[in-house]
Amino acid sequence: MALPVAIPIVIGAGYKLVDDYLSREKRKRREAEQREEAARRELAKSLERANNLRALLEELGCNADEPEITAEVTLKAQESVGYVHKHKNIVFAGNVNVGKSSLVNALCGMRPVDSGAAPVGSSQVTKNLGRYETPDHPRVVLFDTPGAGTQDVPAFRYYYDQKLYAFDLVVLVHDTTLTMSDIRLLQLCSYRKQPFMAVRTKADGHILNCARDLECGLEVARQVYLEQVRKDVQDSQGKIIQKWPELAIKIQDHVVSATGIRNFLSDKPSSTGPAIACIDEQEFVTKLFHVEAPVAAVD
Ligand SMILES: Nc1nc2c(ncn2[C@@H]2O[C@H](COP(=O)(O)OP(=O)(O)OP(=O)(O)O)[C@@H](O)[C@H]2O)c(=O)[nH]1
Ligand SMILES: [Mg+2]
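Rules used in this analysis
- Residues numbered from 1 in each chain as written.
- Chains lettered and ligands numbered in written order.
- Predicted model: local features only at pLDDT ≥ 70, side-chain atom pairs only at ≥ 80, totals over all residues.
- Heavy atoms only, no water.
- Disulfide = S-S within 2.5 Å.
- Buried < 20%, exposed > 50% of the residue type's maximum accessible area, 1.4 Å probe, protein only.
- Helix = DSSP H or I, 4+ residues; strand = E, 2+ residues; numbered from the N terminus.
- Pairing = 2+ DSSP bridges.
- UniProt positions renumbered as here; feature names shortened; annotations may be inferred.
- Domains from an automatic or database assignment.
- Contact = heavy atoms within 4.5 Å.
- Buried area = accessible area lost by both parts, 1.4 Å probe.
- Salt bridge = Lys/Arg side-chain N within 4 Å of Asp/Glu carboxyl O.
- Polar contact = N/O pair within 3.5 Å; in protein donor to acceptor, adjacent residues only side chain to side chain.
- Nonpolar A, V, L, I, M, F, W, Y, C, P; charged D, E, K, R; others polar.

**As for the state of the cysteines**
Across all of its chains, the model carries 0 disulfides by this definition. Of all cysteine sulfurs in the structure, the one in Cys210 sits closest to Cys216, which takes part in no disulfide; the separation is 5.6 Å. The exposure class of Cys216 is partly exposed, given its relative accessible area of 23%.

Encoded structure:
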């Protein structure tokens, strides 16, 4: 007589099985839909990234009309610029009058008046590429370039015309806030996986100007100037990340002056006092002259 009692139990268990099955199916369907939605979102994101990168490359001037920089083109350019093999070939690039030649002279331990020094002056002075040797770093050669003109030449054109791709390291020199052409040049180097550095020079002049403007002592002026610089770099960095997340470069701006470098290399104290003495000179010079140990020859 247990049968009538068992029937509802069996029916109940049957309903439960069907119910479980249906909710399992429903869950599977929901999960599949979620996966599809995530894949759709990911695809849209990668399409947007690709479009942004294409737009940025267009902005940099890297388009199909421009020549391709192949290994052969690079070798030819190295020959024409006087690249020294088995040396670290460093090129100084940037806008007109920012202090490129003065930096090169200081790094070579020369004053502008010394014979063989790079010509320095206040109006578009460097006309041709110049190669300079550094007495204490025989495996490093420095190249001084004519400054980028004031016309808005696309980064790629400037980079290509100056044959910057031929060098082992591009040092972007600037003296105030990073301009768009500075940033684009750095992005181009980054896109091409070419090592680059940024250096903000003429710190001594800026500190003196600051002291004059604020009618304060040099120590205070130095602090004010450095705060302004750090904030400026942070702002530029923020803008780069926001505008071009696809090619967000990390900028470390080295704050120096030509005199600061000369003093640092000659171990002489600054004649104008500690306030305008070295800032990032040591770090900049150390990175610049760092040469990887030569790879041991394999027999
Ligand atoms: N106060 C100060 N002035 C500097 C410094 N470096 C360069 N100058 C001055 O800035 C001017 C331009 O310097 P250059 O080294 O000729 O600049 P450049 O970038 O080589 O210029 P172009 O070859 O014309 O593109 C000169 O009058 C230099 O004396 C510096 O560190 N401090
Ligand atoms: Mg010059």
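**Here's the deal with the pairing of strand β1 (residues 88-94)**
On a regular strand, each side chain points to the face opposite its neighbour's, so the side chains alternate between the two faces of the sheet. Of all 7 residues making up β1, 7 are buried, and the element is well covered by its neighbours. Covered by surrounding structure in β1 are Lys88, Ile90, Phe92 and Gly94 together with Asn89, Val91 and Ala93, the residues of both alternating faces. Strand direction decides the pairing type here: β1 and strand β3 (residues 140-144), joined by 5 bridges, are parallel. Following the sheet pairing, Lys88 is matched in β3 by Val140.

**Structural notes on the UniProt feature "coiled-coil region" (unreviewed entry) in the protein**
Look at the UniProt record and you will see "coiled-coil region" (unreviewed entry) annotated at residues 22-60. End C-alpha atoms of residues 22-60 are separated by 56 Å, and the span's content is 100% helix alongside 0% strand.

**Here's the deal with the domain arrangement of the protein**
By the assigned domains, the protein splits into domain 1 (1-60) and domain 2 (73-289). One C-alpha centre belongs to domain 1, the other to domain 2, and the line joining them spans 56 Å. At the junction of the two partners, domain 1 supplies 7 residues and domain 2 supplies 11 residues. Here domain 1 packs against domain 2, burying approximately 840 Å² in sum over the two surfaces, 67% of which is carbon and sulfur. The largest per-residue losses of area from domain 1 upon contact with domain 2 belong to Leu56, Glu59 and Leu60, which jointly make up 68% of the total buried on that side. Connecting domain 1 to domain 2 are 2 salt bridges. Across the pair Glu59 and Arg184 runs a salt bridge whose closest N-O atoms are separated by 3.2 Å. Viewed at the interface, domain 2 and domain 1 are joined by 3 residue pairs in polar contact (both at pLDDT 80 or more). Its residues placed into classes, the side of domain 1 that touches domain 2 shows 4 nonpolar, 1 polar and 2 charged.

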